[in-house]
Amino acid sequence: MTNAVTSVDQTLELLTSGNYVADRALATALYLALRLGRPLFLEGEAGVGKTEIAKVLATTLHRKLVRLQCYEGLDVSSAVYEWNYARQMLEIRLAEASGDSDRDSLAQDIFNERFLIRRPLLQALEPSAGAGPPILLIDELDRTDEPFEAYLLEVLADFQITIPEIGTIKAEQPPIVIITSNRTREIHDAIKRRCFYHWVDYPNAERETRIIEARLPGVPERLSEQIVGFVQKLRAEDLFKLPGVAETLDWTQALMTLDRLELDPQTINDTLGTLLKYQDDIAKIQGSEAARLLAEVKRDLAAAG
Ligand SMILES: Nc1ncnc2c1ncn2[C@@H]1O[C@H](COP(=O)(O)OP(=O)(O)OP(=O)(O)O)[C@@H](O)[C@H]1O
Ligand SMILES: [Mg+2]
């Protein structure tokens, strides 16, 4: 399988060109997955950039992005294909009206690809107009149930799908597969074994600062340093839900909209809702705790330079 990248460094550059700031471990896992044609399994907390990797890959490699959003009860008719009953019925009515009621030929007619609704897994096996096989994003796999996982395992094993009325459809070139999970439950070992696995962690301060630069150019350096310092400290607190990168970016945007050039306790209190999404967490941080964390951040930054 030919892919655009030929080294870990190139993979890092590719992601950077799509404004995605990866660390070396992630770039290595992605590089190996691309080179060896194996799915990449990304697990991590909410908002750390799992889904975004697939989107950035599609953009930078000029591939079609096929996204399968998983949820409880996801079944073959939503994930793979289903017959367009309404159109089939119409076809039957038309055949009846024209007096053409040869049953066998009618059955052949209506179980024809024209009446097939292609869902993401099937779409991912078909050639696309882009530069190569599509990127198949199987997002939040932990939300589905085990029977679907078992089905997925089969598809990932040989990239083919059998439709009883039509036959077997096999990908000429397998798609690039990215699977994500928030780890609300463990995914079966059999799936993980087929993939390269990478735990996407919260970024360190240096990387988080670069993420702000990449995503929201023009943020004053002093402000972004304080934002990152504060968020990093929040992640060490005992909270129900820690802020992800998505929250850091939301907060930055809010502060920019309010024309703030640096953090102060009042502004933090007023905007905490962009960072923390549970009232208990907000109540815990608001006020003196926020002021204490901010003082620490400012002291650390002053000491650093
Ligand atoms: N390393 C990164 N470089 C650039 N942007 C990032 C990075 N990590 C996260 N982001 C940004 O953070 C936001 C959230 O990322 P994303 O939606 O991929 O998170 P997620 O891990 O899929 O979260 P969830 O589990 O809630 O679905 C996106 O807008 C993305 O642009
Ligand atoms: Mg996601």
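Preceding block: the structure.
Residues numbered from 1 in each chain as written. Chains lettered and ligands numbered in written order. Predicted model: local features only at pLDDT ≥ 70, side-chain atom pairs only at ≥ 80, totals over all residues. Heavy atoms only, no water.

Q: Go over the site of ligand 1 with me, naming the residues and quoting the values.
A: For ligand 1, the set of nearby residues contains 19 residues, the closest of which are V21, G47, K50, T51 and E52. Here an oxygen atom of ligand 1 and a side-chain polar atom of T51 are 2.8 Å apart. With respect to ligand 1, the backbone of E52 contributes an N or O atom lying 2.7 Å from an oxygen atom. Bound to the protein, ligand 1 loses 83% of the 630 Å² it would expose on its own. The residue inventory of the shell around ligand 1, partitioned by class, reads 8 nonpolar, 5 polar and 6 charged. Built from parts of two domains, the shell around ligand 1 gets at least three residues from each of domain 1 (8-74 + 119-200) and domain 3 (205-295). (Near = heavy atom within 4 Å. Polar contact = N/O pair within 3.5 Å; in protein donor to acceptor, adjacent residues only side chain to side chain. Areas by Shrake-Rupley, 256 points an atom, 1.4 Å probe, with all protein chains shown as cover. Nonpolar A, V, L, I, M, F, W, Y, C, P; charged D, E, K, R; others polar. Domains from an automatic or database assignment.)

Q: Provide a residue-level description of the packing of aromatic side chains, including the pertinent values.
A: This structure, assessed with the given rule, holds 6 aromatic pairs. Both rings, one in W83 and one in F111, keep their centres 5.1 Å apart while their planes meet at 85°; by these two values the pair is edge-to-face. Note that W83 is positioned in strand β3 (residues 81-83) and F111 in the loop between α6 (103-110) and β4 (116-118), a separation of 28 residues in sequence. On the accessibility criterion, W83 (6% relative accessible area) is buried. Here the aromatic cluster, defined as three or more aromatic residues joined through ring pairs, consists of Y81, W83 and F111. (Phe/Tyr/Trp six-rings, centres within 6.5 Å; stacked < 30°, edge-to-face > 60°. Helix = DSSP H or I, 4+ residues; strand = E, 2+ residues; numbered from the N terminus. Buried < 20%, exposed > 50% of the residue type's maximum accessible area, 1.4 Å probe, protein only.)

Q: Outline the side chain of E289, supporting the account with residue identities and numerical values.
A: Its location among the elements puts E289 in helix α15 (residues 288-304). For E289, a relative accessible area of 18% gives the class buried. Discounting residues that sit within four places of it in the chain, E289 has contacts with E237 and K284. (Contact = heavy atoms within 4.5 Å.)

Q: Go over the sheet that holds strand β9 (residues 196-200) with me, naming the residues and quoting the values.
A: Strands sit in the order β2-β5-β8-β1-β9 across an open sheet of 5 strands; the sheet is parallel. Among the strands making up the open sheet, the edge pair consists of β2 (65-69) and β9. Along the sheet, successive strands turn relative to each other by an average axial angle of 20°, direction set aside. Sheet topology note: the strand β1 (residues 40-44)/β9 ladder contains 5 bridges and is parallel. If you follow L42 over to β9, its bridge partner there is H198. (Pairing = 2+ DSSP bridges. Axes fitted to C-alpha atoms, helices over the stretch in contact; angles between N-to-C directions.)

Q: Describe helix α10 (residues 205-215), with residues and values.
A: Among all positions of α10, only R207, E208, T209, I211 and I212 are buried. In this structure, the buried residues of α10 make contact with α11 (221-234) and α12 (245-257).

Q: Could you give me a rundown of α12, with the residues and numbers involved?
A: Between its terminal C-alpha atoms α12 stretches 18 Å, which fits the 18 Å expected from 13 residues at 1.5 Å a residue. Restricting attention to buried positions, one finds in α12 the residues V245, E247, T248, L249, W251, T252, A254 and L255. Buried-residue contacts for α12 involve α10, α11 and α13 (265-271). One or two steps after α12, the chain reaches D259, where phi turns positive at roughly 60°. (Expected span 1.5 Å × (residues − 1).)

Q: Break down the packing of α11 against α15 for me, citing the residues and quoting the values.
A: Running from N to C, α11 and α15 point in directions that differ by 125°, and their axes come no closer than 9 Å. It follows from the interaxial angle that α11 and α15 lie oblique. The crossing of α11 and α15 is right-handed. Each of E225, Q226, G229, F230, K233 and L234 in α11 lies in contact with α15, whose residues at this interface are A290, L293, L294, E296, V297, K298, D300 and L301. Residue classes in the contact of α11 with α15 are distributed as 7 nonpolar, 2 polar and 5 charged. (Parallel < 35°, antiparallel > 145°, perpendicular 65-115°, else oblique. Left-handed = near helix turned anticlockwise from the far one by under 90°.)

Q: Which residues make up the environment of R183, and what values go with them?
A: Here R183 shows up in the loop between β8 (176-181) and α9 (189-194). Judged by relative accessible area, which is 42%, R183 ranks as partly exposed. Sequence separation of R183 and L141 is 42 residues, and the distance between their C-alpha atoms is 8.8 Å. Once you skip the residues sitting within four places of it in the chain, R183 turns out to touch E43, D142 and W199. Within the structure, the side chain of R183 is placed 3.3 Å from the side chain of E186, a separation counted as a polar contact.

Q: Break down the nonpolar core for me, citing the residues and quoting the values.
A: I178, F230 and W251 are the most contacted members of the largest nonpolar core, which has 58 residues in total. Inspection of this core shows a minimum of three residues originating in each of domain 1 (8-74 + 119-200) and domain 3 (205-295). Filtering out sequence-adjacent residues up to four positions away, W251 remains in contact with I227, F230, V231, L263, I268, T271, T274 and L275. Core analysis: the second largest hydrophobic core is formed by 32 residues, F41, I138, V155 and A171 among them. (Core = buried A, V, L, I, M, F, W, Y, C linked by side-chain atoms within 4.5 Å.)

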